[in-house]
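# Secondary and tertiary structure notes
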Number of protein chains: 2
Amino acid sequence: MSRSTLEQWRMFRAVVEHGGFAQAAEAIHKSQSSINHAVHKLQDQLDLKLLEVVGRKAQLTAAGELMLRRAGQLIDQAEQLETIAESLAQGEEAQLRVAIDEVYPQHCLAEALEQLSTEFPYTRVELVETVLSGGAERLFKGDVDLLVAGDVPQGFLGEALMDVEFIAVAHPAHALHSLGRTLNLQDLAAERQIVVRDSATGRRIDSGWLGAEQRWTVSHVATSITMISRGMGFAWLPITRIRDELTEGRLRELALERGSRRQVSLFLTYADSDKAGPATCRLGELLIEQARSDLSFD
Amino acid sequence: MSRSTLEQWRMFRAVVEHGGFAQAAEAIHKSQSSINHAVHKLQDQLDLKLLEVVGRKAQLTAAGELMLRRAGQLIDQAEQLETIAESLAQGEEAQLRVAIDEVYPQHCLAEALEQLSTEFPYTRVELVETVLSGGAERLFKGDVDLLVAGDVPQGFLGEALMDVEFIAVAHPAHALHSLGRTLNLQDLAAERQIVVRDSATGRRIDSGWLGAEQRWTVSHVATSITMISRGMGFAWLPITRIRDELTEGRLRELALERGSRRQVSLFLTYADSDKAGPATCRLGELLIEQARSDLSFD
DNA sequence: CCTATTTGTCGAAATATTCGAACGTTATCA
DNA sequence: TGATAACGTTCGAATATTTCGACAAATAGG
């Protein structure tokens, strides 16, 4: 195998781009003979004529033209590699791990991540969607750099992000809607409630009223929404996640005597706000920004 | 800018892949200290720790992991570059220029080119679709390596490829079809004929009978087919190109007293059969092969 | 505490790169 | 036709880089 060098390809390209060995030498700040030596050595190694001298100018051969295009890609990629290294050297994170409660509005998350990816194209983000204490657990274990959850874990300093309203809903055709009156707890207790499992402990969420006789437990808010939309029960769901279902009539708010709506606050917590890199900080900013601008509908 | 070397990246990868400086040295056939020196120099240049020594083993850092993936691509691309060079050095053509008469069945051409591209993925083919003497002219000028046309140019040695039948057709609703009898030359002379211009001279095709009063001249067979299919006249068209139109009823053969069908032979000619590279030869074979197997329908 | 294994360091030798200067060829212009 | 300028090529010497072997330092496992 021939083991050609990036530098050789660079010189080869320079010769073609600047139209000659002399001009290339000028542009690259090397002597003509260096360029000459390198390119000829490259040709010898490959056993392939890349350039041919016609008159007193060097011209690409057909093979040279083909190789140049490929070599160009190679050189570009190499330079890109060093650019990435530079970013990383300046402290940008290679990867960024975030745990986000499923209650956080997904379009806000998407917006924030998209913006992040334009500013930090090389940091790869690992997203963990959690429910309740699941995120806190990962923060304790040092598995994530950033957490968005319903509370701030012990010993950490969190920042209030937004309030998410939960409302009790069921499918419009559900029995609870056909009673024609405001509902009390006994009415609810007769129907099936669908609750979301805590992603850490695997236990049911026991905060708030849970007096229903029948109860199904699912792992994801999305699953719950799907089930309720199909008339399989009722639940308190985050308004941020069921906007479409409400407007399109797949879900309707239950008329409860009280407790129809509940407020839950989301907090942003850094695993280590001192050592957080620029991408981590930026994502924190973006998540806050998005949360603020999301107040438009609720 | 840091100007890292392919060799440095190769060594870095080797260390990771073989699980240590020592093992890498073994695998790469270099001394440990060379590897050590190169990798450390790379890290110094990038100002970025790629490996960290925990205990007595070298482990990838997060940044190192990211860089390794990119570097792997770089190395692979470099090796591919040299593979291509090797192919080229062994005589494979960087580009292959072919002139093919539009009469040659397009699906045969497509098949042949597809097969060629799997066997010679790096030769780029330049296709010129010609009509009559257009291809010959390009052969004389040395513009193409291979020619498929209706005759073999003076001084070249061609090989018979296939016979293509031209039939006189018009749209089913065309006046010529409503006469209800076999047609004679006077009938045709009263209608508009659509002929294809020679792509070299720019003159009309004057071979065969051309007694029509009205005459339109177009540059491509495809244009002619489109026009005839819309009832704009009649023409002799290669049966290989109008199979669909005939079966789907957009074209119907004219009932002529005589001369309704004409045979044209296609020949394959090499610009220089001695100096023809492997890809050129192979394409020739494929074109013949395809022509042979295409006899199924006519 | 000792040993085997592995990474890190140092100086010397081998190798590769770079440069300037001289040389040969080719195009341009008078 | 001949002078001249623009190039590519060649050569030897200076310089930089890579490689190696030997040894030091660190560490896991007995």
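Above this note sits the structure.
Counting restarts for each chain, with residues numbered from 1 along the sequence as it is written. Lettering for chains starts from A, numbering for ligands starts from 1, and both go in the order in which the items are written. The predicted origin of the model limits local features to residues at a pLDDT of at least 70 and limits the giving and counting of side-chain atom pairs to 80 or more, whereas totals for whole chains, interfaces and linings rest on all residues. With hydrogens and water stripped out, all remaining heavy atoms of the structure feed into the side-chain values.

## Focus: the protein's contact with DNA strand C
Close to DNA strand C lie 20 residues, the nearest being Lys30(A), Ser31(A), Ser34(A), Lys41(A) and Gln32(B). One nitrogen or oxygen atom from the main chain of Ser31(A) is found 2.7 Å from a phosphate oxygen belonging to DNA strand C. Strands here are runs of E lasting at least two residues and helices are runs of H or I lasting at least four, both read from the DSSP assignment and numbered beginning at the N terminus. For the surface near DNA strand C, the elements supplying multiple residues, two or more each, are helix 3 (32-46) of chain A together with helix 2 (21-28) and helix 3 (32-46) of chain B. Classifying every residue of the surface near DNA strand C gives four nonpolar, 12 polar and four charged. Here a residue counts as near a molecule or strand whenever at least one of its heavy atoms sits within 4 Å of it. Any pair of nitrogen or oxygen atoms within 3.5 Å is treated as a polar contact; in protein, a donor-acceptor pairing is required on top of that, and neighbouring residues in sequence qualify only through side-chain atoms on both sides. Gly falls in the polar group here, along with every residue not listed as nonpolar (Ala, Val, Leu, Ile, Met, Phe, Trp, Tyr, Cys, Pro) or charged (Asp, Glu, Lys, Arg).

## Re the protein's contact with DNA strand D
Close contacts around DNA strand D come from 20 residues, with Ala22(A), Lys30(B), Ser31(B), Ser34(B) and Lys41(B) the closest. The share of sugar and phosphate among atoms of DNA strand D within 4 Å of the protein is 60%. Contacts to DNA strand D include Ser33(B), whose side-chain N or O atom sits 2.9 Å from a base oxygen. Contact distances for DNA strand D include 2.9 Å between a base oxygen and a side-chain N or O atom of Arg56(B). Elements with a contribution of two residues or more to the surface near DNA strand D: helix 2 (21-28) and helix 3 of chain A together with helix 3 of chain B. Each residue belonging to the surface near DNA strand D can be placed in one class, and the counts come to five nonpolar, 11 polar and four charged.

## Side note on the relation of the copies chain B and chain A
Copies are brought into register by a least-squares superposition over C-alpha atoms of residues with pLDDT of at least 70 in both. If you rotate chain B by 179° and push it 0.2 Å along the axis, it lands on chain A with an RMSD of 0.4 Å. Both copies of the chain, as the preceding transformation shows, are related through a two-fold rotation axis. The contact criterion used throughout is that any non-hydrogen atoms of two residues lie within 4.5 Å. Both copies share a contact surface, since 100% of the interface residues of chain B are interface residues in chain A too.

## Comments concerning the pattern of salt bridges
Salt bridges are defined by distance alone: a side-chain nitrogen of Lys or Arg within 4 Å of a carboxyl oxygen of Asp or Glu. Overall, the coordinates contain 31 salt bridges over all chains when judged by the stated rule. The salt bridge involving Arg124(B) is made with Glu65(A); its shortest N-O contact spans 3.1 Å. Of this pair, Arg124(B) sits in strand 4 (residues 124-130) while Glu65(A) is found in helix 4 (residues 62-89), placing the two residues in two different chains. Its relative accessible area of 27% is what places Arg124(B) among the partly exposed residues. With a 1.4 Å probe rolled over the protein chains alone, any residue whose accessible area is under 20% of its type maximum counts as buried; one over 50% counts as exposed, and the rest are partly exposed. Taking the relative accessible area as the measure of exposure, Glu65(A) reaches 37% and is therefore partly exposed. When the shortest N-O distance is used, the salt bridge between Glu165(B) and Arg261(B) registers 3.1 Å. Separated by 96 residues along the polypeptide, Glu165(B) in strand 6 (residues 158-170) and Arg261(B) in strand 11 (residues 261-270) bring together distant segments of the chain.

## Structural notes on the nonpolar core
Think of a nonpolar core as a cluster: buried Ala, Val, Leu, Ile, Met, Phe, Trp, Tyr and Cys residues, connected wherever their side-chain atoms sit within 4.5 Å. Core analysis: the largest hydrophobic core is formed by 62 residues, its most contacted members being Trp9(A), Leu50(A), Met67(A), Trp9(B) and Met67(B). Elements with a minimum of two residues in this core: helix 1 (6-18), helix 2, helix 3 and helix 4 of chain A together with helix 1 (6-18), helix 2, helix 3 and helix 4 (62-89) of chain B. Not counting the four nearest positions on each side in its chain, Met67(A) is found in contact with Trp9(A), Leu48(A), Leu50(A), Leu81(B), Ile84(B), Ala85(B) and Leu88(B). Ranked by size, the runner-up nonpolar core spans 35 residues in total, among them Phe234(A), Leu266(A), Ala276(A) and Ala279(A).

## Thoughts on the pairing of strand 3 (residues 95-101) of chain B
Residue and element names in this part refer to chain B. Most of strand 3 sits inside the fold, with five of its seven residues counted as buried. One bridge is not enough; two strands pair if DSSP finds at least two bridges between them. The sheet contact formed by strand 3 and strand 4 spans seven bridges and is parallel. In the sheet register, glutamine 95 faces strand 4, and the bridge partner there is arginine 124. By convention, orient the strands away from the viewer: a clockwise path from the first strand over the helix to the second makes the crossover right-handed. Read as a crossover between parallel neighbours, the route from strand 3 over helix 5 (residues 106-119) to strand 4 is right-handed.

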